[in-house]
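Coordinates in review
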Amino acid sequence: MMLKACCPSQTSWPMMTAFRALSKEHADLTPTAGRLARYIQIERDIASAQEMLQDVDMAELAREEIASGENEKTQLENELQRLLLPKDPDDERAAFVEIRAGTGGDESALFAGDLCRMYTRYAATQGWRVEIMSESPSEVGGYKEVVLRIEGERVYGKLKFESGGHRVQRVPTTETQGRIHTSACTVAVMPEPDEHQAITLNPADLRIDTFRASGAGGQHINKTDSAVRVVHLPTGLVAECQDGRSQHSNKAKALQVLQARLQEKERSERAALEAATRKGLIGSGDRSDRIRTYNFPQGRMTDHRINLTLYKLLFIMEGDLSETVQALLHAQEEEQLKELELGAV
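The rules behind these values
- Residues numbered from 1 in each chain as written.
- Predicted model: local features only at pLDDT ≥ 70, side-chain atom pairs only at ≥ 80, totals over all residues.
- Heavy atoms only, no water.
- Helix = DSSP H or I, 4+ residues; strand = E, 2+ residues; numbered from the N terminus.
- Buried < 20%, exposed > 50% of the residue type's maximum accessible area, 1.4 Å probe, protein only.
- Core = buried A, V, L, I, M, F, W, Y, C linked by side-chain atoms within 4.5 Å.
- Contact = heavy atoms within 4.5 Å.
- Patch = residues over 30% accessible without salt bridge, like charges linked within 9 Å, V, L, I, M, F, W, Y side chains within 5 Å.
- Areas by Shrake-Rupley, 256 points an atom, 1.4 Å probe, with all protein chains shown as cover.
- Salt bridge = Lys/Arg side-chain N within 4 Å of Asp/Glu carboxyl O.
- Lys, Arg positive; Asp, Glu negative; His and termini not counted.
- Charge placed at Lys NZ, Arg CZ, Asp CG, Glu CD.

The next subject is unusual backbone geometry. The residue arginine 154 is not glycine, and still its phi comes out positive at about 55°. Structurally, the position occupied by arginine 154 is in the loop between strand 3 (143–151) and helix 4 (155–159). Taking relative accessible area as the criterion, arginine 154 reaches 26% and is therefore assigned partly exposed. Non-glycine residue asparagine 307 carries a positive phi angle of around 55°. Position of asparagine 307 relative to the elements: it lies in the loop between strand 10 (300–303) and strand 11 (308–310).

Formed by 35 residues in total, the largest nonpolar core has its most connected members in Val97, Ile99, Leu115, Tyr119, Leu159 and Tyr294. Those elements that provide at least two residues to this core are strand 1 (95–101), helix 3 (106–126), strand 3, helix 4, strand 5 (181–191), strand 11, helix 7 (313–317) and helix 8 (322–344). Ignoring anything within four residues of it in the chain, the contact list for leucine 115 reads Ile99, His166, Cys185, Val187 and Tyr294. Among the nonpolar cores identified, the runner-up in size contains 15 residues, and Met133, Met190, Val228 and Ala254 belong to it.

Attention shifts here to a negative patch on the surface. Together, Asp45, Glu60, Glu64 and Glu65 make up a negatively charged patch on the protein surface. The leading source of residues in the negative patch is helix 2 (residues 59–83), at 3 residues. Looking at where glutamate 60 falls in the secondary structure, it is placed in helix 2. Look at glutamate 60 and you get exposed, because its relative accessible area is 54%.

Checked against the element boundaries, threonine 324 lands in helix 8. For threonine 324, the contacting residues outside a window of four places in its chain are Arg292, Met301, Leu308 and Leu310.

In structure tokens:
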């Protein structure tokens, strides 16, 4: 008897997609369900302990159990409040991180390179994958501009507060008098658009140029016009990619970045309208917002939005961003809780 080769049917792919969605929802809800179950159990334990107060011999033990239960109950209430806060659906997405040198000339380009290294090192600690989408190296080192694509678990959710102005204070290697210089870079973190929800690009609105890639890449990349620049004519937004070896691959990547920038432009405009009536603690993520200062002589990093100062700058520049990221996420949760409280009044 002949057996037909087993292969996935056309209907199995939608089922797999639904299965993955349900698995993710289950994973998201499991911590909340676990804490709720514990909360209910503690309420029962407290009620039982209160009945024990009638027994003179057990009263002291009962009071201890009630006090301990009430403390844990309060802690669980706070945890449940945070777990039930509205979540940004983009938090789970991969992200594009754009770093651009600003004021400060060569020192700003060197600092852009330092920031690129910092995010790359942090990504490694999280098990994320980093890909350079485009880069414009500076003659002295670092970058005039570099765009990274970072993929992994909750990439955008952890990096979204990095958007804004980053200022550095240090003595440049070229400074003979030992004077401290101040320079700046801007960072923009954009979620990778969902393929089904991405902005539709009208070919008539695009100008696509090809050019010879510069920088590292070997003989092949220097002999072919494989680099691609895409200009969105209505907005003037530009995206380019020269990292891949084929023009087709670079065009696809440049269009990805352009879609992310258009989506981010819409998000920023919405945030600006909201900021007109309410100024969020974390800010709008606009490039003009000065969010952080890196002071090398003092070994200090200060995040101005939440008044966080850490004296471990060298570790931070090597990718130790976890404490900063957690503090920003916690500040966002506090802000959301306050909004809910005000809305309930």
